[in-house]
There are 2 protein chains.
Amino acid sequence: MTRVYNFSAGPAALPVEVLQQVQQELVDWHGAGMSVMEMSHRGKEFMQIAAEAEADLRELMQIPGNYKVLFLQGGASLQFAMVPMNLLRGRGKADYVNTGQWSKKAIGEAKKFCQVNVAASAEDRNFSYVPPQSEWRLDPEAAYVHVTTNETIGGVEYDFTPDTGDVPLVADASSHILSKPVDVSRYGVIYAGAQKNIGPAGLTVVIVREDLLGHAPSGTPTMLDYKIQADNESMYNTPPTFAIYVAGLVFKWLKAKGGLAEMERINIRKAQKLYGLIESNDFYQSPVAPANRSRMNVPFTLARPELDEAFLKEAKAHGLVQLKGHRSVGGMRASIYNAMPEAGVDALVAFMQDFAARHG
Amino acid sequence: MTRVYNFSAGPAALPVEVLQQVQQELVDWHGAGMSVMEMSHRGKEFMQIAAEAEADLRELMQIPGNYKVLFLQGGASLQFAMVPMNLLRGRGKADYVNTGQWSKKAIGEAKKFCQVNVAASAEDRNFSYVPPQSEWRLDPEAAYVHVTTNETIGGVEYDFTPDTGDVPLVADASSHILSKPVDVSRYGVIYAGAQKNIGPAGLTVVIVREDLLGHAPSGTPTMLDYKIQADNESMYNTPPTFAIYVAGLVFKWLKAKGGLAEMERINIRKAQKLYGLIESNDFYQSPVAPANRSRMNVPFTLARPELDEAFLKEAKAHGLVQLKGHRSVGGMRASIYNAMPEAGVDALVAFMQDFAARHG
């Protein structure tokens, strides 16, 4: 087995220890005589797997008791609709902060359901920063305030938790959930597609404060109603069982690693190594304001873009793959989620130094 | 490794050959240096996996060129909403045939979107048969006619393809898709949750005729619009990649087995063995009219229900599991999908004979 260092933005690298455990028990889970993929979601084996996954996530994120944890489907893109469907609560307006491509998608979808007030936008500087809250123009009548706390494409991460008073704060945390401790009580809803820092694609985690349940209009599709999903413990219908199982193993891996405080220390160190190399060198540039450089998604450009292809080709030959920037941005992007070993970042930094020395 | 015979209605048994292949390539797929779970859905490896899965499904089902194949999320329960959202086409009415618990759920959800005409119902005889089409009262102005071609809970299967003229026929085929050849051209839409006869839970296959695309009202959530999913080849956002990969392996397994005509022969033989034992014996009863007994889901009762627990316990000791009937029906249910080996049915029949002999 030769494993590469996979810098994909998502679906992304998973801990090799988790993959090896999945492999080991794939055909016969713990002597059950069947794969987790074959288990009835209402059988005692899978019910235990799901319960442990939720309990471990609650422990890792210290989720207060008045929040529900939902394991849903459809990704953040479906949440872009489910958030207004569930949270407008008869109001006609919501605040959105626009920090990049994913904010824009969330805004576009919300406009199908309500009047969107863009309280702040970083479009003026090509989405290279998070507008400080002092510049936000929040609408006191907004049903909620929506933020994208880490922009996967732009590599822009919030360096503060917004204060929205009594108006629920809703965060798309898809690409940095579990990368550091978060005070969940500051949010009304936190949601995340799994395929970056949680587990396989096809699972969406939604953490929602209980008082925000039960407000979807009566015509809302059953599957899109947070309250129905909460009342049925995410088993109104068959959930994505295998993805929940793998996510549960990732949660156990994170606990064994020391939890989110330790992950944050590691993630800071990994990010500093990569941004440090970029800063120390005229050959590479980061387009993002230093305070908002994401620890998870590190976009960078080469001073000589004509070398992009050579960079990607040589990187691949070194076992460093999926470094091409998003098609809407260009350049490079290294996604260094929890599962990216520090040795992977070290290998990338060493390669980048060498490449710059040879071509700089 | 000791494998059991798993008669779960879903998630259900998968072919052991498929599971073994998944296991073998789980950590490093075909020398890519990563798991399929870790692959970017837009990378060439996964694009190839998805394209092969679609091509193999098209070949197996002989899907005409004017049909799109969508790989979605949310299960049949989300289709219960997506069907009216996409197919009403400005009309206010739809026909539904009520053959059991899943029909009822589809009807309940459709009522959120339109006036539902229940064209026929088997509720008068406890959902033990399919009302013949001669008794249906179809509304010529209906936007579509919805049928549940195999009721997973009741074990009731259509023995005919309804003729709805120019009105699109829509089928929830979740629990018998791929069990036999079907003339797709007779349908407007066929949909199926994967977790019975296709692959892991978390994937939903939708086969839709092209002229039915593009009619969703403008306020429809983006993720729920068939046309947007079709235009983006099911990659508007990250699809459930691992489930698509496993489904693709199941499709290759079915092709290697001889395709759907051969599967039908095997499924008829398996079903006849089980129903034959039930019929030959006063100890067991099938609640379903003979013409509509499902080849996939075989509910049966014991003449002495006080023996139910002993039956389940002894069956489990023989490696025959998940035979308990659905909580809404009681009794027993053996789901014998494509992946259930004929030897599993033989073992169940032998056990049932022996149990009856000892307790009859």
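To start, this report covers the structure provided alongside it.

The helix and strand tally for chain A stands at 9 helices and 14 strands. Counting only C-alpha atoms and orienting by the principal axes, one finds that chain A spans roughly 65 × 60 × 30 Å. Looking at chain A as a whole, 62% of its 360 residues qualify as buried. Considering only contacts in chain A between residues 6 or more positions apart, those separated by 24 or more positions represent 65%. Surface exposure of chain A reaches about 13100 Å², of which carbon and sulfur atoms provide 48%. In chain A, the 35 positive side-chain charges and the 39 negative ones have mean positions that sit 3 Å from each other.

Contacts between chain B and chain A engage 65 residues on the former and 65 residues on the latter. Together, the buried faces of chain B and chain A total about 4900 Å²; carbon and sulfur atoms form 57% of this surface. If you look at where chain B meets chain A, you find 2 salt bridges. Note that Glu-38 of chain B and Arg-3 of chain A form a salt bridge whose closest N and O atoms lie 2.6 Å from each other. Only helix 1 (16–24), helix 3 (75–87), helix 4 (101–110) and helix 6 (241–257) of chain B provide two or more residues apiece to the side of chain B that touches chain A. For the side of chain B that touches chain A, the leading source of residues is helix 1 of chain B, giving 6 residues. Of the residues belonging to the side of chain B that touches chain A, the class tally is 30 nonpolar, 25 polar and 10 charged.

As a further point, take the nonpolar core. Judged by nonpolar contacts, the single largest core of 128 residues is most densely connected at Val-22, Ile-198 and Phe-242 of chain A together with Val-22, Leu-178 and Phe-242 of chain B. Ranked by size, the runner-up nonpolar core spans 62 residues in total, among them Ala-143 of chain A together with Met-82, Ala-94 and Cys-114 of chain B.

What follows is about the packing of helix 6 of chain B against helix 7 (residues 259–279) of chain B. Residues and elements named next belong to chain B. At a closest axis distance of 7 Å, the pairing of helix 6 and helix 7 adopts a crossing angle of 75°. In terms of orientation, helix 6 lies roughly perpendicular with respect to helix 7. Where helix 6 abuts helix 7, its residues Trp-253, Leu-254, Lys-255 and Lys-257 lie against Gly-259, Glu-262 and Met-263. Here the contact of helix 6 with helix 7 is built from residues that sort into 3 nonpolar, 1 polar and 3 charged.

Placing chain B over chain A gives an RMSD of 0.0 Å and needs a rotation angle of 180°, together with 0.0 Å of translation along the axis. Between the two chains, the operation in question is that of a two-fold axis. Distance from the rotation axis, computed per C-alpha, reaches its smallest value in chain B at Gln-23 of chain B: 2.6 Å. Here 100% of the contact residues of chain B are again contact residues in chain A; the copies associate through an equivalent surface.

All names here are of chain B. The alternating pattern of strand 14 (residues 332–335) places Met-332 and Ala-334 on one face and Arg-333 and Ser-335 on the opposite face, and all of these are buried. Bridge analysis of strand 12 (residues 297–302) against strand 14 gives 4 bridges, and the strand direction is antiparallel. Across the sheet, residue Phe-300 finds its bridge partner in strand 14, namely Met-332.

Residue and element names in this part refer to chain B. Turning to its location among the elements, Glu-157 is positioned in strand 7 (residues 156–157). For the buried Glu-157, no salt bridge exists, and the shortest N-O distance to an oppositely charged side chain is 4.2 Å, to Lys-180. At 2.8 Å, the side chain of Glu-157 forms a polar contact with the backbone nitrogen of Arg-295. Setting aside its immediate chain neighbours within four residues, Glu-157 contacts Val-130, Thr-149, Asn-150, His-176, Ser-179, Lys-180, Ala-291, Asn-292, Arg-293, Ser-294, Arg-295 and Met-296.

A separate point is the packing of aromatic side chains. To describe a pair of aromatic rings, one takes the distance between the centres and the angle between the planes. Following the criterion strictly, the structure yields 31 aromatic pairs over all chains and no others. Consider the rings of Phe-242 of chain B and Tyr-245 of chain B, whose centres lie 5.4 Å apart with planes at 50°: the pair is tilted. With Phe-242 of chain B and Tyr-245 of chain B both in helix 6, this residue pair falls 3 residues apart, about one helical turn. A single burial state applies to Phe-242 of chain B and to Tyr-245 of chain B, both of which are buried. A network of ring pairs unites the aromatic residues Phe-283, Tyr-284, Phe-300, Phe-311, Phe-351 and Phe-355 of chain A as a single cluster. The lysine or arginine in question, Lys-105 of chain A, covers the ring of Tyr-236 of chain B, its NZ or CZ lying 4.4 Å from the ring centre. Residue placement shows Arg-125 of chain A over the ring face of Tyr-129 of chain A; its charged tip is 3.9 Å from the ring centre.

This paragraph deals with the sheet that holds strand 2 (residues 67–72) of chain B. All names here are of chain B. One open sheet accounts for 7 strands, arranged 2-10-9-8-5-3-4; its pairing is mixed. Each edge of the open sheet carries a strand with a single partner, namely strand 2 and strand 4 (115–121). For this sheet the average axis-to-axis angle between neighbouring strands, irrespective of direction, equals 20°. Two strands pair when backbone bridges link them, and strand 3 (residues 93–98) and strand 4 are joined in this way by 6 bridges, in the parallel orientation. Its bridge partner being in strand 4, Tyr-96 is matched across the sheet by Val-118. Sitting on the sheet, helix 4 touches strand 3, strand 4 and strand 5 (145–148), and the angle it makes with strand 3 is about 160°.

Glancing now at helix 9 (residues 342–359) of chain B. With 18 residues, helix 9 of chain B should cover 26 Å at 1.5 Å per step; its first-to-last C-alpha distance of 26 Å lies within 8% of that length. Every buried residue of helix 9 of chain B is accounted for by Glu-342, Gly-344, Val-345, Leu-348, Val-349, Phe-351, Met-352, Phe-355 and Ala-356 of chain B.

Summarising the element assignment, Gly-10 of chain A is placed in the loop between strand 1 (5–6) and helix 1 (16–24). Considered as a pair, Gly-10 of chain A and Leu-274 of chain A are 264 residues apart in the sequence and their alpha carbons are 19 Å apart.

How each quantity is defined
- Residues numbered from 1 in each chain as written.
- Chains lettered and ligands numbered in written order.
- Predicted model: local features only at pLDDT ≥ 70, side-chain atom pairs only at ≥ 80, totals over all residues.
- Heavy atoms only, no water.
- Helix = DSSP H or I, 4+ residues; strand = E, 2+ residues; numbered from the N terminus.
- Buried < 20%, exposed > 50% of the residue type's maximum accessible area, 1.4 Å probe, protein only.
- Contact = heavy atoms within 4.5 Å.
- Areas by Shrake-Rupley, 256 points an atom, 1.4 Å probe, with all protein chains shown as cover.
- Lys, Arg positive; Asp, Glu negative; His and termini not counted.
- Charge placed at Lys NZ, Arg CZ, Asp CG, Glu CD.
- Buried area = accessible area lost by both parts, 1.4 Å probe.
- Salt bridge = Lys/Arg side-chain N within 4 Å of Asp/Glu carboxyl O.
- Nonpolar A, V, L, I, M, F, W, Y, C, P; charged D, E, K, R; others polar.
- Core = buried A, V, L, I, M, F, W, Y, C linked by side-chain atoms within 4.5 Å.
- Axes fitted to C-alpha atoms, helices over the stretch in contact; angles between N-to-C directions.
- Parallel < 35°, antiparallel > 145°, perpendicular 65-115°, else oblique.
- Least-squares fit on C-alpha atoms with pLDDT ≥ 70 in both.
- Pairing = 2+ DSSP bridges.
- Polar contact = N/O pair within 3.5 Å; in protein donor to acceptor, adjacent residues only side chain to side chain.
- Phe/Tyr/Trp six-rings, centres within 6.5 Å; stacked < 30°, edge-to-face > 60°.
- Lys NZ or Arg CZ within 6 Å of the ring centre and 35° of its normal.
- Expected span 1.5 Å × (residues − 1).

Take it as geometry only, folks, not as evidence of what the structure does.
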